Amino acid sequence: MNSRNRKIVFFDVDGTIIDSPTHQIPDSTAEAIRRLRANGHLAFLNTGRTLASIEKRIQDIGFDGYVCGCGTHIYYEGETLYASSIPHEKCVDIIYTLRRLGIPTFFEAEEAVYYDSRCMSPELGRSVSNFHNVGSRVCDFPDRPEESGVVFDKFFCLLRPDSDEAALRAYAGSDYTVTPQGPGNLEIVPAGRSKAEGIRFLQEKFGIPDGDCYAIGDSENDLPMLKAVPNSIAMGVCAEAILPYCSYRTGKVLEDGIRQALEHYKLI
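A few points on the structure. These numbers were taken from a predicted model, which means no experiment stands behind them.

**Here we look at the packing of helix α3 (residues 88-101) against helix α5 (residues 165-172)**
Consideration 1: In contact at an axis separation of 11 Å, α3 and α5 are set at 165 degrees when each is read in the N-to-C sense. Relative to α5, the element α3 lies roughly antiparallel. In this structure, the crossing between α3 and α5 has a hand that is right-handed. The residues of α5 that touch α3, namely those facing K90, D93, I94, T97, L98 and L101, are A167, L168 and Y171.
Consideration 2: Here the residues of the contact of α3 with α5 are counted per class, giving six nonpolar, one polar and two charged.

So, in structure tokens, the structure goes:
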């Protein structure tokens, strides 16, 4: 294919590649993405997950690369093109602040997912089990994290009914972007990092204009990437908040929604 005709498609993972209620990946999704690439187009994951939790069955679909951690790491053909983690000293301050607030949280890094057993809840326990189940390396923080050298890219708070959300948001201030991810869940990413920034980085690398960029997602943390491209696609089951920013709504994950979307745009 002439490189001027090459398109680039960005796929969210949870609720887009994977059906959230059943955790299944339809055969039609993997087949459609492989056909997309066989037609000469680029396929990238664009996810809030860090590399540590991109499980093998997702990697085995075959992607050109990944935008991970809401734009904090970008990979292409196994090479790291961009990396941005929160500095160690700031990570330590975040851990101690969340301990003081008593907010259960998991902390996502390139090589592992961390949690703090000093602020546990049933929801955090389930998240830890889920990360274990998909083969992620999961680690507890020590009592004194300043002695560990740990760094992470972003963090995800699982608020309790009595959590002081206002204090958490005040701490985040303008240094972080706080995005709701369902009731009581807040995804917190350093300001300036987003799925949209990942798209812009790769557009520039490959010289692909806006009109040849596509994004498919289902939740509010997909809004930056859906707003960043003219060809924005909502899954059949999605957050209502994203619909005003989408040019097409496809079917449900298990009803061949990915294949339907790529066929709609004549990419396969």
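**So, the sheet that holds strand β10 (residues 176-180)**
For sheets, the rule is that strands pair by backbone hydrogen bonds, running either parallel or antiparallel.
Consideration 1: The strand order β8-β7-β6-β9-β11-β10 describes an open sheet built from six strands, whose pairing is mixed. Single-partner strands in this sheet number two, and they are β8 (138-140) and β10. Neighbour-to-neighbour, the strand axes of this sheet turn through a mean angle of 25 degrees, independent of strand direction.
Consideration 2: In this structure, strand β7 (residues 113-115) lies alongside β8, joined through three bridges in parallel fashion. Along β8, the bridge assignment pairs V113 with V138.

**Some thoughts on the packing of aromatic side chains**
Each aromatic ring pair is summarised here by two numbers: the centre-to-centre distance and the angle between the ring planes.
Consideration 1: This structure, assessed with the given rule, holds 18 aromatic pairs.
Consideration 2: Judged by centre distance (5.1 Å) and plane angle (75 degrees), the ring pair of F106 and F131 falls under edge-to-face. Within this pair, whereas F106 is found in strand β6 (residues 105-108), its partner F131 is found in helix α4 (residues 122-133), the two being separated by 25 residues in sequence. For the pair formed by F106 and F131, the shared burial category is buried.
Consideration 3: Note on Y214 and Y265: the rings are 5.2 Å apart at their centroids and 75 degrees apart in plane angle, and the pair reads as edge-to-face. Placement of Y214 in strand β12 (residues 213-217) and of Y265 in the segment after α8 (257-264) is noted, with a sequence separation of 51 residues between them. One exposure class covers both Y214 and Y265, and it is buried.
Consideration 4: In this structure, K205 packs its charged tip against the face of F206, placed 5.6 Å from the ring centre.
Consideration 5: A cation sits over an aromatic face here: K227 above Y245, 4.6 Å from the ring centre.

**Overview of the nonpolar core**
Consideration 1: Within the largest apolar cluster, 31 residues are counted, with the highest numbers of intra-cluster contacts made by F11, I17, L45, F63, I216 and L262.
Consideration 2: At the level of secondary structure, the elements contributing two or more residues to this core comprise β1 (8-11), α1 (27-38), β2 (42-46), β3 (65-68), β12 and α8.
Consideration 3: The dominant element in this core, judged by the number of residues it contributes, is α1, at four residues.
Consideration 4: Once residues within four sequence positions are removed from consideration, I216 is found in contact with V9, F10, F11, D12, T16, M225, I233, M235, I258, A261 and L262.

**Examining the sheet that holds strand β4 (residues 73-76)**
Consideration 1: Pairing in this open sheet of eight strands is mixed, and the strands run β5-β4-β3-β2-β1-β12-β13-β14 from one edge to the other. Of all the strands in the sheet, the pair left with one neighbour each is β5 (79-83) and β14 (248-249).
Consideration 2: Alignment of β1 against β12, held across four bridges, turns out to be parallel. Looking across to β12, one finds that I8 is bridged to C213.

**Quick look at the environment of R259**
Consideration 1: You can see R259 is positioned in helix α8.
Consideration 2: Residues in contact with R259, not counting those within four places in the same chain, are S28, E31, A32, R35 and I268.
Consideration 3: Among the polar contacts listed, one links the side chain of R259 to the side chain of D256, at a separation of 2.9 Å.

Scoring rules and cut-offs
- Residues numbered from 1 in each chain as written.
- Predicted model: local features only at pLDDT ≥ 70, side-chain atom pairs only at ≥ 80, totals over all residues.
- Heavy atoms only, no water.
- Axes fitted to C-alpha atoms, helices over the stretch in contact; angles between N-to-C directions.
- Helix = DSSP H or I, 4+ residues; strand = E, 2+ residues; numbered from the N terminus.
- Parallel < 35°, antiparallel > 145°, perpendicular 65-115°, else oblique.
- Left-handed = near helix turned anticlockwise from the far one by under 90°.
- Contact = heavy atoms within 4.5 Å.
- Nonpolar A, V, L, I, M, F, W, Y, C, P; charged D, E, K, R; others polar.
- Pairing = 2+ DSSP bridges.
- Phe/Tyr/Trp six-rings, centres within 6.5 Å; stacked < 30°, edge-to-face > 60°.
- Buried < 20%, exposed > 50% of the residue type's maximum accessible area, 1.4 Å probe, protein only.
- Lys NZ or Arg CZ within 6 Å of the ring centre and 35° of its normal.
- Core = buried A, V, L, I, M, F, W, Y, C linked by side-chain atoms within 4.5 Å.
- Polar contact = N/O pair within 3.5 Å; in protein donor to acceptor, adjacent residues only side chain to side chain.

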